[in-house]
Amino acid sequence: MIQFVLLALAWGSSFLLIKLGLRDLSPMQVVWARMAIGAAALGLLMLAARRPIPSDLRVWGHLLVVSMLLCVVPFALFAWAEQFVSSALASIFNATTPLLTMLVAGLALATERLTRQRSLGLGLGFFGVVIIMGPWNGVGDGAGLAGQLACLGAATCYALAFTYLRRFVAGRGLSASALAFVQVLLGAAIMAAATPWLAGRPIEQLSGATILSMLILGVFGTGMAYVWNNNIVTAWGAANAAAVTYLSPVVGVILGTVFLAEPLGWHQPLGASLIILGIMTAHGRLAAIVPSRV
């Protein structure tokens, strides 16, 4: 449970840290920084704990897929999206991860098939997504809509990654820190190789806030977070592990509104509440809270 809370705090604050980093860096530079710093932090952890890294090439192959789905692609999508949407809104969209994970895991994993209760929760949660997007306001500008869709695309990547981890990586007897180190290291290598083509504008200045935000994002939001995440996926299952987004949007909204004075429409927290209600319904949490009539 402690790791669950720490993970929610680390990932919930990441949206504010991305927004701060974008003041001086391009989206792909933000991704490169968090991946490189995260890999370095995990490497030091591996050395201190003297843990071996996986030697099976098949595991490395699986972790390459996980790295793309859980790190490189969603990090890039969120960083790009936050040029056009607030960090608070990005964190709210991230709350769709458990819903999408339930859908993907239900289709891919025999142990997590969709039930009537889960289907009801999915329907309620996706109605919340519609409320967040506010279709009654019109499509709006293309960049804002594209940013919201990019956030949904990132959440979809997370859903695929959670399920892939559960199906192909969990249960191999490998330490969470070793798995996290390899997947973040592979992601950092991919970003380093892609830098000449994807870096964007040259770095003109780096403020203290940018440097600090990237260090925190790299060490905790990318490094240690994946150790905690791997532990939770192994212990709780794909759909339950993704429920960390119960708390992360709350953290993201509070930080965005307090530190960046980001505007928040009435429909956005309402939609987020519906999403969380849908997740609770799908996991049977409401039955534990609301007593049934005798």
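Calculation criteria
Residues numbered from 1 in each chain as written. Predicted model: local features only at pLDDT ≥ 70, side-chain atom pairs only at ≥ 80, totals over all residues. Heavy atoms only, no water. Buried < 20%, exposed > 50% of the residue type's maximum accessible area, 1.4 Å probe, protein only. Helix = DSSP H or I, 4+ residues; strand = E, 2+ residues; numbered from the N terminus. Expected span 1.5 Å × (residues − 1). Lys, Arg positive; Asp, Glu negative; His and termini not counted. Salt bridge = Lys/Arg side-chain N within 4 Å of Asp/Glu carboxyl O. Core = buried A, V, L, I, M, F, W, Y, C linked by side-chain atoms within 4.5 Å. Contact = heavy atoms within 4.5 Å. pLDDT = per-residue confidence, 0-100. Phe/Tyr/Trp six-rings, centres within 6.5 Å; stacked < 30°, edge-to-face > 60°. Lys NZ or Arg CZ within 6 Å of the ring centre and 35° of its normal. Patch = residues over 30% accessible without salt bridge, like charges linked within 9 Å, V, L, I, M, F, W, Y side chains within 5 Å. Areas by Shrake-Rupley, 256 points an atom, 1.4 Å probe, with all protein chains shown as cover. Axes fitted to C-alpha atoms, helices over the stretch in contact; angles between N-to-C directions. Parallel < 35°, antiparallel > 145°, perpendicular 65-115°, else oblique. Nonpolar A, V, L, I, M, F, W, Y, C, P; charged D, E, K, R; others polar.

### Observations concerning unusual backbone geometry
For step 1, the next point in the chain: With phi around 55°, Arg50 is a residue other than glycine that occupies positive phi space.
For step 2, the next point in the chain: Of the residues examined, Arg50 reaches a relative accessible area of 77% and is grouped as exposed.
For step 3, the next point in the chain: Positive phi values are uncommon outside glycine, yet Ala261 reaches one of about 50°.
For step 4, the next point in the chain: Mapped onto the fold, Ala261 is located in the loop between α11 (248–259) and α12 (267–282).
For step 5, the next point in the chain: Under the relative-accessibility criterion, Ala261 is labelled exposed at 62%.

### Quick notes on helix α5 (residues 97–108)
For step 1, the next point in the chain: Spanning 12 residues, α5 covers 16 Å between terminal C-alpha atoms, matching the ideal 16 Å at 1.5 Å per step.
For step 2, the next point in the chain: When you tally the buried positions in α5, you get 9 out of 12 residues, the bulk of the element.
For step 3, the next point in the chain: Where α5 is concerned, the buried positions are Thr97, Pro98, Leu99, Leu100, Thr101, Met102, Val104, Ala105 and Gly106.

### Brief notes about the side chain of Glu82
For step 1, the next point in the chain: Inspection of the secondary structure puts Glu82 in the loop between α3 (57–81) and α4 (87–94).
For step 2, the next point in the chain: For the buried Glu82, no salt bridge exists, and the shortest N-O distance to an oppositely charged side chain is 4.6 Å, to Lys19.

### Considerations on the nonpolar core
For step 1, the next point in the chain: With 74 residues, the main nonpolar core has Met35, Leu70, Phe78 and Tyr226 as its most contacted residues.
For step 2, the next point in the chain: Broken down by element, this core gets its largest block of residues, 12 residues, from α3.
For step 3, the next point in the chain: With residues up to four places along the chain from it excluded, the contact list for Phe78 reads Phe15, Ile18, Ala90, Asn94, Cys151, Ala154 and Tyr158.
For step 4, the next point in the chain: Leu16, Val251, Leu255 and Leu260 belong to the second-largest nonpolar core, a separate cluster that totals 5 residues.

### As for the confidence of the model for the chain
Note: predicted coordinates in regions of low pLDDT should not be interpreted at a detailed level.
For step 1, the next point in the chain: On average, the chain scores 85 in pLDDT, and the residues at 70 or more come to 89%.
For step 2, the next point in the chain: Mean pLDDT across the elements of the chain bottoms out in helix α13 (residues 285–289) (57) and peaks in α3 (95).

### Here's the deal with the packing of aromatic side chains
For step 1, the next point in the chain: Inspection of every chain in the model, using the stated rule, returns 5 aromatic pairs.
For step 2, the next point in the chain: Judged by centre distance (5.1 Å) and plane angle (80°), the rings of Phe15 and Phe78 are edge-to-face. Of this pair, Phe15 sits in helix α1 (residues 2–21) while Phe78 sits in helix α3, and the two are 63 residues apart along the sequence. Comparing Phe15 with Phe78 shows no difference in burial state: the two are buried.
For step 3, the next point in the chain: An aromatic cluster is built from Trp11, Phe15, Phe78 and Tyr158, whose rings are joined through pairwise contacts.
For step 4, the next point in the chain: Arg34 extends its terminal NZ or CZ atom over the ring of Phe75, reaching a point 3.5 Å from the ring centre.

### Quick notes on the pattern of salt bridges
For step 1, the next point in the chain: This model, assessed by the stated rule, comprises 1 salt bridge.
For step 2, the next point in the chain: Asp56 serves as the salt-bridge partner of Arg58, at 3.2 Å between the closest nitrogen and oxygen.
For step 3, the next point in the chain: Owing to a relative accessible area of 60%, Arg58 belongs among the exposed residues under this scheme.
For step 4, the next point in the chain: Residue classification places Asp56 among the partly exposed residues on the basis of a relative accessible area of 26%.

### Notes on a nonpolar patch on the surface
For step 1, the next point in the chain: Together, Ile2, Val5, Leu6, Leu9 and Leu247 line one region of the surface with nonpolar side chains, adding up to about 420 Å² of accessible area.
For step 2, the next point in the chain: Note on placement: Leu9 falls in helix α1.

### Some words on the side chain of Gln148
For step 1, the next point in the chain: Considering the arrangement of structural elements, one finds Gln148 in helix α7 (residues 142–169).
For step 2, the next point in the chain: Owing to a relative accessible area of 13%, Gln148 belongs among the buried residues under this scheme.
For step 3, the next point in the chain: Excluding its chain neighbours within four sequence positions, the residues that come into contact with Gln148 are Val85, Leu89, Phe93, Ile132 and Met133.

### What about the packing of α4 against α11?
For step 1, the next point in the chain: Closest axis-to-axis distance for the α4/α11 pair is 8 Å, and the angle between their directions is 175°. Taken together, the axes of α4 and α11 are roughly antiparallel relative to one another. Contacts between α4 and α11 involve Ser87, Ala88, Ser91, Ile92 and Asn94 from the former and Ser248, Pro249, Gly252, Val253 and Gly256 from the latter.
For step 2, the next point in the chain: By residue class, the composition of the contact of α4 with α11 is 4 nonpolar, 6 polar and no charged.

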